[in-house]
Amino acid sequence: MATSIVRYLGELRTSSMHMQSGTEILSDAPTDNQGKGEAFSPTDLVANSLATCMITIMAIKARDLDLELKGTTAEVTKVMAVEPRRISEIHIHFEMNLIADAKTKTILERTAMTCPVHHSLHPDIKKVISFNWK
């Protein structure tokens, strides 16, 4: 079964339908590349996917440790390069909604770096990851 179906809607906008859940994501070309910027751009989604993957992997590990990460946030900043146009850097700053000892912090931070998206991104993309613990 396909993971998703992407439909071009016109005016540099797409609709992506997740086949298993029926959830829809819209994407627009960014304003710096002839678009309206009214939704996530495809490269925004790549950067955002890294953060969501890292949080998900940490939450799985936290659950194994009988901890809860609910309320944790990640601020994502994507930096674009030119010639060729591509993502050059992704900055993610986590605000961890958990009071934890040093060992637990280390476990969760190392776990975040094992997420599949992190391993799937080209090594030339600089990843700047920081954590702020309560």
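Above this text sits the structure in question.
Description of the structure in this document.

**Focus on the sheet that holds strand 6 (residues 126–133)**
Adjacent strands of a sheet pair through backbone hydrogen bonds, lying either parallel or antiparallel. Spatial ordering of the open sheet is given by 4-5-6, a layout of three strands whose pairing is mixed. The outermost strands of the open sheet, each flanked by one partner alone, are strand 4 (73–81) and strand 6. Direction aside, neighbouring strands of the sheet carry axes that sit 10° apart on average. Contacts between helix 1 (residues 42–64) and the sheet are confined to strand 4, strand 5 (86–96) and strand 6, with strand 5 contributing the most and set at about 35° to the helix.

**Examining helix 1**
With 23 residues, helix 1 extends 33 Å from end C-alpha to end C-alpha; this agrees with the ideal 33 Å at 1.5 Å per step. Contacts made by the buried residues of helix 1 are with strand 4, strand 5, helix 2 (102–112), helix 3 (116–120) and strand 6.

**A closer look at the packing of helix 1 against helix 2**
Relative to each other, helix 1 and helix 2 sit at 140°, their axes nearing to 8 Å. Comparing the axis directions of helix 1 and helix 2 gives the class oblique. Crossing handedness for the pair helix 1 and helix 2: right-handed. Residue-level contacts link Met54, Ile57, Met58, Lys61 and Ala62 of helix 1 to Ile107, Leu108, Thr111 and Ala112 of helix 2.

**Brief notes about the packing of aromatic side chains**
Counted under the stated rule, the structure contains one aromatic pair. Consider the rings of phenylalanine 94 and phenylalanine 131, whose centres lie 5.0 Å apart with planes at 15°: the pair is stacked. A residue pair is termed long-range when its members are at least 10 positions apart, and phenylalanine 94 in strand 5 and phenylalanine 131 in strand 6 qualify at 37 residues. The class for phenylalanine 131 is buried, based on a relative accessible area of 17%.

**Details of the sheet that holds strand 2 (residues 13–18)**
Read from one edge to the other, the open sheet built from three strands follows the order 1-2-3, with strand pairing classed as antiparallel. The sheet terminates laterally at strand 1 (4–10) and strand 3 (24–28), the two strands that pair on one side only. Here the strands of the sheet are splayed against their neighbours by 20° on average, with no regard to which way each runs.

**Thoughts on the nonpolar core**
One broad trend across soluble globular proteins is that nonpolar side chains are buried collectively. Ranked by internal contacts, the top residues of the largest apolar core, which has 23 residues, are Met54, Met58, Ile90, Ile92, Phe94 and Phe131. Listed by contribution, the elements that provide at least two residues to this core are helix 1, strand 5, helix 2 and strand 6. The leading source of residues in this core is helix 1, at seven residues. Sequence-distant contacts of methionine 58, defined by excluding residues within four places in its chain, comprise Leu69, Phe94, Met96, Leu108, Thr111, Ala112 and Phe131.

**Focus on helix 2**
Taken residue by residue, helix 2 has Thr104, Leu108, Thr111 and Ala112 as its buried positions. Down the axis of helix 2, the buried set is contained in an arc of 105°. They therefore lie on one face. Counted as exposed and oriented over 90 degrees from the buried face of helix 2: Ala102, Lys103 and Arg110. Lining the buried residues of helix 2 we find helix 1 and strand 6.

Conventions and cut-offs
- Counting of residues starts from 1 at the beginning of each chain's written sequence and follows it residue by residue.
- The model is predicted, so local features are restricted to residues of pLDDT at least 70 and side-chain atom pairs to those at 80 or more, both for listing and for counting; the totals for chains, interfaces and linings are taken over all residues.
- By convention in this description, side-chain values take in all heavy atoms of the structure and omit both hydrogens and water.
- A pair of strands is considered paired only if DSSP assigns at least 2 bridges between the two.
- Note on conventions: DSSP H or I runs of at least 4 residues are helices, E runs of at least 2 residues are strands, and numbering of each starts at the N terminus.
- An axis is simply a line fitted to the C-alpha atoms; with a helix, the fit covers only the stretch in contact. Between two such axes, the angle follows the N-to-C directions and lies from 0 to 180 degrees.
- Working rule for contacts: check all heavy atoms of both residues, and any pair within 4.5 Å makes them a contact.
- Helix span, as expected, comes to 1.5 Å for every residue beyond the first.
- Orientation labels follow simple angle bins: below 35 degrees gives roughly parallel, above 145 gives roughly antiparallel, 65 to 115 gives roughly perpendicular, and whatever is left gives oblique.
- Put simply, a crossing is left-handed when the front helix is turned counterclockwise from the back one by less than a right angle, and right-handed when it is turned clockwise.
- Only Phe, Tyr and Trp rings take part, Trp by its six-membered ring, and two of them pair if their centres are within 6.5 Å. Stacked means planes under 30 degrees apart, edge-to-face means over 60, and tilted covers everything else.
- Summary of the burial criterion: residues with accessible area below 20% of their type's maximum are buried, those above 50% are exposed, and those between are partly exposed, where the area comes from a 1.4 Å probe applied to protein chains only.
- Nonpolar core, defined: a set of buried Ala, Val, Leu, Ile, Met, Phe, Trp, Tyr and Cys residues in which side-chain atoms within 4.5 Å join the residues together.
- The arc in question is traced by the directions running from the helix axis to the C-beta atoms.

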